Amino acid sequence: LAAPVVIAGSLGVLTFGILCYDASTYQTKHSDRVPIDPLALHPKRGGPKQLKIAEHLVDDHDERFKASENKGKLVIVGGGWGAVGVLKHLDPEAWHVTVVSPENYFLFHPLLPSATVGTVEVRSLVEPLRKIIARVSGHFIQAKAVDIDMSQRLLEVSSPTSSENFYIPYDRLIIACGSINSTHGVPGLENCFQLKTVADAQAIRRRVMDNLEKAALPSTEEEDRKRLLSFVVCGGGPTGVEFASELFDMVNEDVLEFMPKILRDQISVHIIQSRDHILNTYSQKISEYAEKQFQRNEIDTVLNARVKEVTPDSVKYSQKIDGKTVEFEIPSGFTLWSTGIAMNPFTERVASLLPNQYHKHALEVDSHLRVIGAPLGTVYALGDCATIETRLVDHLLEIVERCDENHDGIINDKEFEIMMKIVDRKFPTAHVHVEKIRDVFDKYANKDHQLGLNELAEMFLEISKRMTALPATAQVANQQGSYLGKKLSKLATTGHDAAEQNHVYDDPDDMLYSPFTYKHSISLAYIGNSAVFDLENFSMSFAGGLVAMYLWRSVYWSEQVSIRTRFMLLLDWVKRGLFGRDLSRVCLFYIGSLSRLMSSTYFYSLTVLSYTT
């Protein structure tokens, strides 16, 4: 008898405690005579376009921002993994921080495929940027960067709620605004869905439910039903594979139970991949396991194929068979485009202003993440919008000059060791190729056991070919953000007299901090009530069923940026287990024209009468 009484009493005390805490959160606060700089309300004009310059922000004199008022101005463009990595590791006392982003939240992209079918809700994947920025007493401006003047250090931004663009001055600028999907010149992509934003996930969820409900109507013709239930994914990377897996799970676990069974019988999922395997950046063992899993689940994988055109009702692709190119067509009621990345308009504009920017898909940066061609140490880039340069030969003469002690234009074995240390520091990704210095020297040395410019050029070209760009993943962006946050904290407090102590050449970043080095920890993907893991550091990979799936969940759960999102994500998974996925289709109604809705990414500028998260 005592046990039930104790349990009931404990629950009662816990409930009372929660209610007391909840009651304490309801407060009424007043702010009178708020101090504000007149220049924040009436900015001066200047810059090449004579726009308003936001030298002072409206909340600069707020109590929580006063300490950073006279610090150097650090402006961060973007609110993704790279930006959050910087904010989490930046010294709160070091900079006057301003974040510029078109969205006022951070989105946990790796679980976005789960949100397209209701396994989790998008509200569980977002965290307000203002809460993250509060750690460094930073400011937030909801706008998008459109142009830059590097000579005057002015960032031009555009906000849909402002009638005019304006400038934000900076001392250091970090470009972390991500990328857009590459089109590869394929016509008809306006008929595709993408999966990069909250709006994308919500639109896909509505379209999937629309197709299922239309297919369930007795008036739907057989041919139309099969087309509506044909889902085509262009791209066999993690995003495409995980979306196909989530869709298959929803069909088997929820559609089969609550909707006509003919839908399950006629539904088809196709993945079109241009390479030999899906998940081709993972180990071959992982790719083969995923393909076998999809074969068991009746998910069609089309390999070594190129999408030629996407129409409203079909996807056309070509495939080489016995040396001949054969074209095929798949009826499609839904098409997801998830292949490759390209520059967004702002990074494209920055690249056009700079010399030596040769990369087509991202800004080239050096090993300190500084944008090549920009004034040294003022503009950094990281994440999807940046790629670390790999052209060693461009620095050949500079490196030879520094290590050729007798200035004879010939590098001996002693000078070569110095050269390899310089290369290793300037190009950390080349480390694996120059690790055995003696072997490298012997391979390229001439008869006199020396290296001239011709031999060095050949060696540098060979090493450059072997160096690979870092993948455009959240893991890379987060590590780069962490690195840059720590480095900028040190740059803000340490003088350049550290050069003599470190015995390095006159480079402000190199004097005080080591170059960025990526340390790959794990690659993982969900493939339908199972998961795959690729642990490069341990030279091992494994895949499995439910146990691996729970491990996959635990990894992503631990990587959440706040306790709030961890709690909400856990509730979503429990809710799916207890009640299944939500198959309702909640409509969006907007006041405003459809063209305005389609052309704008700023949904807050429209009046939402009913919405779904």
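Structure first, text after, so check above.
We now turn to the structure provided with this report. None of the values given here were measured: they were computed from a predicted structure.

Within the largest apolar cluster, 127 residues are counted, with the highest numbers of intra-cluster contacts made by Leu155 and Ile174. At eight residues, helix α8 (residues 238–258) tops the list of elements feeding residues into this core. Setting aside its immediate chain neighbours within four residues, Ile174 contacts Leu74, Val75, Ile76, Val77, Val86, Tyr380, Leu382, Leu484 and Leu488. Of all hydrophobic cores here, the second largest spans 24 residues; its members include Phe416, Val440, Tyr444 and Ala457.

A few words on a nonpolar patch on the surface. Together, Trp557, Leu570, Val574, Leu578 and Phe579 give the surface a local cluster of nonpolar side chains, amounting to about 530 Å² of exposed area. Mapping Leu578 onto the fold places it in helix α20 (residues 563–579). Accessibility expressed as a relative area gives 62% for Leu578, which makes it exposed.

Turning our attention to the packing of helix α6 (residues 198–215) against α8. It is at 13 Å that the axes of α6 and α8 come closest, and there the two elements cross at 45 degrees. Regarding the angle of α6 to α8, the classification is oblique. For the pair α6 and α8, the crossing hand works out as right-handed. Listed contacts from α8 to Ile204, Val208 and Leu212 of α6 are Phe243, Leu247, Met250 and Val255. Among the residues forming the contact of α6 with α8, the class breakdown is seven nonpolar, no polar and no charged.

Analysis parameters
- Residues numbered from 1 in each chain as written.
- Predicted model: local features only at pLDDT ≥ 70, side-chain atom pairs only at ≥ 80, totals over all residues.
- Heavy atoms only, no water.
- Core = buried A, V, L, I, M, F, W, Y, C linked by side-chain atoms within 4.5 Å.
- Buried < 20%, exposed > 50% of the residue type's maximum accessible area, 1.4 Å probe, protein only.
- Helix = DSSP H or I, 4+ residues; strand = E, 2+ residues; numbered from the N terminus.
- Contact = heavy atoms within 4.5 Å.
- Patch = residues over 30% accessible without salt bridge, like charges linked within 9 Å, V, L, I, M, F, W, Y side chains within 5 Å.
- Areas by Shrake-Rupley, 256 points an atom, 1.4 Å probe, with all protein chains shown as cover.
- Salt bridge = Lys/Arg side-chain N within 4 Å of Asp/Glu carboxyl O.
- Axes fitted to C-alpha atoms, helices over the stretch in contact; angles between N-to-C directions.
- Parallel < 35°, antiparallel > 145°, perpendicular 65-115°, else oblique.
- Left-handed = near helix turned anticlockwise from the far one by under 90°.
- Nonpolar A, V, L, I, M, F, W, Y, C, P; charged D, E, K, R; others polar.

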